[in-house]
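# Results of the structural survey
Each chain, written out:
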Amino acid sequence: MGLAIAFIFCLILGRLIYVQLVWGTDLKYRATDQWNREIPIIAGRGAITDTNGQILAGNKTTYSIFVRPNAVENAEYTATVLSGIFSVNPQTLLDKLQGGKVSEITVARQVPKESVEKLVTYGLSGVYYSRDNSRVYTYNDVLCQVLGFTSNDGSGLSGIEKYYDNILSGTNGEISYTTDIVGKETENSVVVYSEATDGDGIQLTIDIDIQLAAEEAMRSVYLSSGAKSVSCVVLNPQNFDVLSMVNYPSYDLNDVPRDDTETLNALSRNSLVCDIYEPGSTFKVITAAADIEEYLKGNKNAYSTTQIFNGSRTRTVDGTKIKCWSDHSNGKHSNQNLAAALNNSCNPCFTDMALSLGKETFYDYLNNFGFGNVTGLDFNGEALGMLVPQSLVRDCDLARIGFGQTVAVTGLQLACATAAAVNGGNYYSPRLLKSIVLPNNKKVVNEPVLKFRPISENTSSILAEMLEGVVTEGSGKKAYIEGYRVGGKTGTAQKYEDGHIASGKYISSFVGFFPADKPQYLALIIVDEPQGTYYGSAVAAPVAKEIFEDIIRIKNIQPYVREKL
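Residues numbered from 1 in each chain as written. Predicted model: local features only at pLDDT ≥ 70, side-chain atom pairs only at ≥ 80, totals over all residues. Heavy atoms only, no water.

### Concerning the side chain of Asn-347
Residue placement: Asn-347 occurs in helix H14 (residues 347-357). Separated by 2.7 Å, the side chains of Asn-347 and Lys-284 make a polar contact. If we skip the residues at most four places from it in the chain, Asn-347 touches Ser-281, Lys-284, Lys-323, Cys-324, Trp-325 and Phe-403. (Helix = DSSP H or I, 4+ residues; strand = E, 2+ residues; numbered from the N terminus. Polar contact = N/O pair within 3.5 Å; in protein donor to acceptor, adjacent residues only side chain to side chain. Contact = heavy atoms within 4.5 Å.)

What follows is the structure in structure tokens.
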């Protein structure tokens, strides 16, 4: 019996020790929570600015309204007053106040100061308010797919708002006070104020002046062409800073269609980053770059810049006929060297180049130019593109890849690859974040990162000069600007549906850059399913010219002056 009593005593003693030492902290927290109530103080969300410091996304002070049902003296009157000020259903609110199931009810969020001032005049017991913040976007629908938007509680849901949410969001504070057992504030309540810590700001590489110019140009071609959608990205080829990114149609960031999920998902998608397409002839820039580089390395299978291609309109590869878009009746496609092949965008010439290089060599260049992989942009949901596995590639596939078919890319992938092909051969990780702005206004700079060098500087220089010829005398003439050295390449790709060519559906595109000898600006224009005229030379090239002319005006870029001999 004595042993049994001792054993029971030890159990009780052990339990007491556990409660005091192990469980004690948690029990203290629970007790404190029962006798205290907290009103949240929402941290200010960090501002988003462009590269010049112009605010793209900021905040305005609003308020959240709460009710403690146990502290309400007249539920019917309280429900009536609150429903009148904040447009909530009075019966639903009354049911919650009288239900006894919750200790706190959120009546409304992000209400203006005027509504709170009106509420205060009623002196309702059990009703509280606290500051929160409403996100305000300076330019409404501009950059909507890039900036993204936040939830009602201020968390980032898409775009930059989501990707950098941990930097922008900050840490919330609270006002804590003691209550009695039913939740009413005690007469000698001790109020404890914990200050909120605002989020850090971020500065983007986006230049809002270039963005607005690009937005206007893309909106114009969208309306004039009857296209399904249009998109444009403008890069600095020297470091891959994203200066502008447009997807149209768009939506108003200050009036997000949250109730229509299907529409919101479609309009908020950044197609330049997340969607893929067959690039068509704009891809010939990459094939030409690989061929020139291999020729300079001494590869005897590569075509020299002066070598004349077979002038036939068709090639038969693996029993598959591959034709040029032109019927070759005008004589322009006869006796072509590489520069002329680019000017005329002759498909068979690039088929010859890809087949001569062979799949192993050609795929090395495709990989080094970033195809089949993400570019590394600081943005969620970037697509990989679609590249046929090297082990499965047939000659007919390789032939088509040479002129931009049987391969799918994102707009950003193609823009970055072209930039590396003409900037001296440097492939950087594209970036949207320029720097993090700390509360003391100090900046943590996000430096450019060089990933690899797919081609040499010499190859890049030769190619850039050839692409300048495409604009001065080839298919890209409608991008020509008097006094400025513009280079580029047009593209017109057929669309596929269910594995078959979709009749009458095309993607028209143009990738251009200037100055051609040392590119500072590169733009890719994509027009999806234009009605009527659909060639990239007629639809997309003029848009690039318009954007470049705006950049010249905005940056006050002087005309090119040729040095005298």
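### As for the pattern of salt bridges
Following the criterion strictly, the structure yields 17 salt bridges and no others. As a salt-bridge pair, Arg-485 and Glu-468 come within 2.9 Å of each other at their nearest N and O atoms. Separated by 17 residues along the polypeptide, Arg-485 in the loop between helix H18 (457-473) and strand S19 (487-497) and Glu-468 in helix H18 bring together distant segments of the chain. Judged by relative accessible area, Glu-468 falls into the buried class, the value being 13%. When the shortest N-O distance is used, the salt bridge between Asp-550 and Arg-553 registers 3.4 Å. Here Asp-550 pairs with Arg-553, and both are found in helix H20 (residues 541-555), just three residues apart, close to one helical turn. Note on Asp-550: relative accessible area 18%, which makes it buried. Salt bridges linked by common partners bring Arg-45, Arg-135, Glu-161 and Asp-165 together as one network. (Salt bridge = Lys/Arg side-chain N within 4 Å of Asp/Glu carboxyl O. Buried < 20%, exposed > 50% of the residue type's maximum accessible area, 1.4 Å probe, protein only.)

### Points about the sheet that holds S19
Across the sheet, five strands lie side by side as S10-S9-S21-S20-S19; this open sheet has antiparallel pairing. Edge positions in the open sheet fall to strand S10 (241-248) and S19, since each of these has one partner strand only. On average, each strand axis in the sheet is inclined to that of its neighbour by 10°, with strand direction left out of account. For S19 and strand S20 (residues 500-514), the ladder comprises ten bridges, and the chain directions are antiparallel. Note on S20: the bridge partner recorded for Gly-487 is Phe-513. Running over the sheet, helix H17 (residues 411-422) touches strand S9 (229-236), S10, S20 and strand S21 (521-528) and is turned about 145° from S21. (Pairing = 2+ DSSP bridges. Axes fitted to C-alpha atoms, helices over the stretch in contact; angles between N-to-C directions.)

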